[in-house]
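Fold and contact review
One-letter residues, chain by chain:
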Amino acid sequence: MIVLGLESSCDETGVALYDTERGLIAQQLHSQIDLHAAYGGVVPELASRDHVRRMPALIRQTVAEAGVPMSAIDAVAYTAGPGLAGALLIAAGTGQALAAALGIPALPIHHLEGHLLSPLLADEPPSFPFVALLVSGGHTQLMRVDGVGRYALLGESVDDAAGEAFDKTAKLMGLDYPGGPVLARLADQGTAGRVKLPRPMLHSGDLNFSFSGLKTAVMTQLRNGSHAPADMAAEFQAAVVDVLVAKSLAALKQTGLSRLVVAGGVGANQSLRERLNEAVTRRRQRVYYPEPALCTDNGAMIAFAGALRLAEGQRGSETHVVSVRPRWPLDSLAAPG
């Protein structure tokens with residue numbers, strides 16, 4: 001079975017083809033970083049228009065790369081939410097139109113489910129059940145995952161997510177867009193501890209997160225003192241990583257599980273990976289990550305999630321109604337079948 005995956009939830013246009021026998025056979029990705037850099041953040045209207053321009057060409061390139069005709073595609077999976085409403089409509093509309101034209105089913109896919117399942121594309125994938133740390137853009141969540149569509153929320157951010165805190169703090173420090181990766185690179189040149197920042201909710205006794213206050217603490221330090229930017233970046237990153245690692249380990253202990261999956265853009269952060277690797281190794285547990293190229297938004301994770309759902313009995317839409325869900329709780333998903 002060959003599934004075409006389409007992603008356009010924010011500022012990346014992704015297209016991929018996944019074959020249940022051969023694995024990922026082709027993918028294309030276009031980033032809008034240069035488009036939004038002049039504005040210091042994503043402009044929704046510009047994002048939507050760029051998805052419209054890019055999507056048809058990326059589909060043609062992906063099909064050509066795979067060397068398969070359009071008639072060989074068995075289903076279309078597309079991101080239906082959460083995300084920017086206008087941007088989501090591009091993948092949804094394109095996906096439903098292609099499915100109608102080809103006479104094949106279309107599957108609306110939850111963006112975060114794509115991220116959550118993407119480590120299963122690795123050569124040594126985790127087996128169910130596991131704990132998942134989702135750190136993608138505006139979401140920081142810990143989930144218990146017992147199978148496809150079988151998700152239980154363990155904890156989440158009550159305000160800013162980790163990715164948001166990285167971006168907002170970078171903006172406070174006057175760093176270039178996109179701020180999160182720039183701040184992480186700057187942190188490599190500094191020393192944590194030279195500036196003192198809090199570790200919010202580290203000892204809260206639950207698995208929730210809060211990073212808004214950390215951003216405010218940075219702002220206060222910037223106003224009241226003269227600190228090297230690299231040291232500020234290093235301490236900020238260390239504070240975020242300390243909390244993410246501690247809560248992830250607590251989730252493993254609470255659930256009694258030994259496998260941790262980390263997914264989403266912040267999951268590519270090298271400091272986070274090093275700390276988690278060290279911590280789980282000491283406890284004889286294991287941590288899994290998606291390939292670095294799959295940490296950002298992409299069509300491969302959407303095609304893969306669609307293929308897994310189809311394999312477990314979910315039927316795709318055959319009415320081809322275009323509908324998106326900008327807000328869509330991950331734990332509200334149902335298992336396939």
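Given the structure is predicted, the values throughout are model-derived calculations rather than measurements.

Our focus in this paragraph is the overall build of the protein. Summing up its helical and strand segments, the protein has 10 helices and 10 strands in all. Taking 2.2 N^0.38 as the reference for a compact globule, 337 residues should give roughly 20 Å; the C-alpha atoms of the protein span a radius of gyration of 20 Å, in line with that estimate. Viewed in the frame of its principal axes, the protein has a C-alpha envelope of about 65 × 45 × 30 Å. Classification of the 337 residues of the protein by burial places 53% in the buried group. Pairs at least 24 residues apart make up 72% of the contacts formed inside the protein by residues separated by at least 6 positions. As displayed, the protein offers around 14100 Å² of accessible surface, 50% of which is attributable to carbon and sulfur atoms.

Between Gly-81 and the following residue, Pro-82, the backbone shows a cis peptide bond with an omega angle of -15°. Locating Pro-82 in the fold gives a position in the loop between β4 (75–81) and α3 (85–102). A cis amide bond, omega -5°, links Tyr-177 with the succeeding residue Pro-178. On the secondary structure map, Pro-178 appears in the loop between α5 (162–172) and α6 (179–187). The phi torsion at Arg-284 lies on the positive side, around 60°, for a residue other than glycine. Since its relative accessible area comes to 79%, Arg-284 is described here as exposed. Residue His-320 is not a glycine yet carries a positive backbone phi of 60°. Position of His-320 relative to the elements: it lies in the segment after α10 (299–311).

The feature "domain: Gcp-like" (unreviewed entry), as given by UniProt, occupies residues 24–304 in the numbering adopted here. Secondary structure across residues 24–304 comprises 47% helix and 18% strand; the distance between its end C-alpha atoms is 8 Å.

In this section: the packing of helix α7 (residues 212–224) against helix α8 (residues 229–255). Two elements in contact, α7 and α8, have axes separated by 11 Å at closest approach and are oriented at 160°. Relative to α8, α7 is oriented roughly antiparallel. The interaxial crossing formed by α7 with α8 has right-handed handedness. Two secondary-structure elements touch here, α7 through Leu-214, Val-218, Gln-221 and Leu-222 and α8 through Met-232, Phe-236, Ala-239 and Val-240.

Conventions we followed
Residues numbered from 1 in each chain as written. Predicted model: local features only at pLDDT ≥ 70, side-chain atom pairs only at ≥ 80, totals over all residues. Heavy atoms only, no water. Helix = DSSP H or I, 4+ residues; strand = E, 2+ residues; numbered from the N terminus. Rg over C-alpha atoms; globule rule 2.2 N^0.38 Å. Buried < 20%, exposed > 50% of the residue type's maximum accessible area, 1.4 Å probe, protein only. Contact = heavy atoms within 4.5 Å. Areas by Shrake-Rupley, 256 points an atom, 1.4 Å probe, with all protein chains shown as cover. UniProt positions renumbered as here; feature names shortened; annotations may be inferred. Axes fitted to C-alpha atoms, helices over the stretch in contact; angles between N-to-C directions. Parallel < 35°, antiparallel > 145°, perpendicular 65-115°, else oblique. Left-handed = near helix turned anticlockwise from the far one by under 90°.

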